[in-house]
Amino acid sequence: MDKKIREILNTKWAGCEVVYLDETDSTNVQARKLAEEGAPHGTLVVADRQHGGKGRLGRSWESPAGEGIWMSLILRPEISTLSASMLTLVLALAVEKGLRVVAGVDSQIKWPNDLILNGRKICGILTEMSSSQMDIQYVVAGIGINVSQREFPEELKTIASSLYMETGELFERERVVAAVMEAVEQFYDIFMATGDMSGLIERYNGRLVNMNQEVCVLAPSGEFRGISRGITSTGSLIVTMEDGTEREVISGEVSVRGVYGYV
Ligand code: ADP
């Protein structure tokens, strides 16, 4: 896949170097190693299969051979560590656009890091950072996109889907990667111009799957319900509680669910 990605990529820096692996533990792990060795901003690690694919909070990510896009992008943004979590949101917008351009689908975002198509998860994003004091050394943004799976293991059947299962079409993974990288550059520039989500709020909220609906927020301190009102310029999710007060939920340790199911 790597040669073909390079041939069709039309970007300035995203995917400037593509490292292709047939099989690996996790592209995030490999990208971190490369970043430690000095790999430049925009280096992309792509694998055909991961046997230790990671989700957030120690969860695992199912990454069967040849059926999805399992990739990690190395970023070296000059922003404070406090702003790094917003990159997950920027990448979600980029994947949403890439999927729309190549597959013609209208996916939605489940704050902060998942893409949903017809109620099921087709993409997850896991952003990891290395920093010293307040400076970011690098960020590794792992993106998993389900492309051609025809079915999922039992435990994922009700929550996961693929582009093929939703559209009946098979898409070339290289084209999806290229379109996502092009969109990454577009939204990353908008993000870096202000260092926050202010230039992207409307776009993000317009694609938020649970906008103005009741959600269940699973936080380490406990679970609560409220109405999701969209993000702030710093990428937190505003949730209106039953008593009318607003809570700003910071991403990180938090997951959001629909009240009746996954979304
Ligand atoms: P959450 O949606 O709970 O915030 P994460 O973003 O951490 O979860 O993603 C990990 C979760 O995604 C796993 O616990 C599993 O339920 C689900 N998952 C794992 N592999 C896949 C996949 N290929 N496609 C869709 N969902 C998956």
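Whatever comes next refers back to the structure up there.
In this text the structure is predicted, and so the values were computed from the model without any measurement.

Asks: Honestly, the overall build of the protein in this entry has me stumped. Any pointers?
Replies: Of regular secondary structure, the protein possesses 6 helices and 12 strands. Radius of gyration (C-alpha) of the protein: 17 Å, near the 18 Å computed for a compact globule of 263 residues. Along the first, second and third principal axes, the C-alpha set of the protein runs to 55 × 45 × 30 Å. As displayed, the protein offers around 11,600 Å² of accessible surface, 45% of which is attributable to carbon and sulfur atoms. Between the mean site of the 26 positive side-chain charges and the mean site of the 36 negative ones, the protein shows a separation of 2 Å.

Asks: Please clarify how helix α5 (residues 173-194) should be interpreted in this entry.
Replies: It helps to recall that an α-helix has 3.6 residues per turn; residues three or four apart then point in one direction. Taking 1.5 Å as the rise per residue, α5 with 22 residues should run 32 Å; its terminal C-alpha atoms sit 32 Å apart, in good agreement. In the stretch just after α5, G195 is the one whose phi turns positive, near 75°.

Asks: I keep staring at the site of the ligand and nothing clicks. Help me out?
Replies: Near the ligand you find 17 residues, and of these R56, R59, N146, R257 and Y262 are the closest. Look at the ligand: alone it shows 570 Å² of surface, and the protein chains cover 90% of it. When its residues are assigned to classes, the shell around the ligand shows 5 nonpolar, 5 polar and 7 charged.

Asks: Just checking my understanding: could you explain the packing of aromatic side chains for this structure?
Replies: Remark: the centre distance and the inter-plane angle together describe each pair of aromatic rings, the angle taken between the planes. This model, assessed by the stated rule, comprises 1 aromatic pair. When the ring centre of Y164 is taken as reference, the NZ or CZ atom of R150 above it lies at 4.6 Å. Lying across the ring of F224, R247 places its NZ or CZ 3.9 Å from the centre.

Asks: Got a minute to help me understand unusual backbone geometry in this structure?
Replies: What is expected of a backbone is that most residues other than glycine have negative phi and most peptide bonds are trans. Look at the link from W111 to P112: it is a cis peptide, with omega at -5°. The backbone phi angle of L57 is positive, close to 50°, even though this residue is not glycine. With respect to the element layout, L57 can be found in the loop between β2 (43-50) and β3 (68-75). What makes L57 partly exposed here is its relative accessible area of 42%. Despite not being glycine, N212 shows a phi value in the positive range, around 60°. Its location among the elements puts N212 in the loop between α6 (201-206) and β8 (214-219).

Criteria and cut-off values
Residues numbered from 1 in each chain as written. Predicted model: local features only at pLDDT ≥ 70, side-chain atom pairs only at ≥ 80, totals over all residues. Heavy atoms only, no water. Helix = DSSP H or I, 4+ residues; strand = E, 2+ residues; numbered from the N terminus. Rg over C-alpha atoms; globule rule 2.2 N^0.38 Å. Areas by Shrake-Rupley, 256 points an atom, 1.4 Å probe, with all protein chains shown as cover. Lys, Arg positive; Asp, Glu negative; His and termini not counted. Charge placed at Lys NZ, Arg CZ, Asp CG, Glu CD. Expected span 1.5 Å × (residues − 1). Near = heavy atom within 4 Å. Nonpolar A, V, L, I, M, F, W, Y, C, P; charged D, E, K, R; others polar. Phe/Tyr/Trp six-rings, centres within 6.5 Å; stacked < 30°, edge-to-face > 60°. Lys NZ or Arg CZ within 6 Å of the ring centre and 35° of its normal. Buried < 20%, exposed > 50% of the residue type's maximum accessible area, 1.4 Å probe, protein only.

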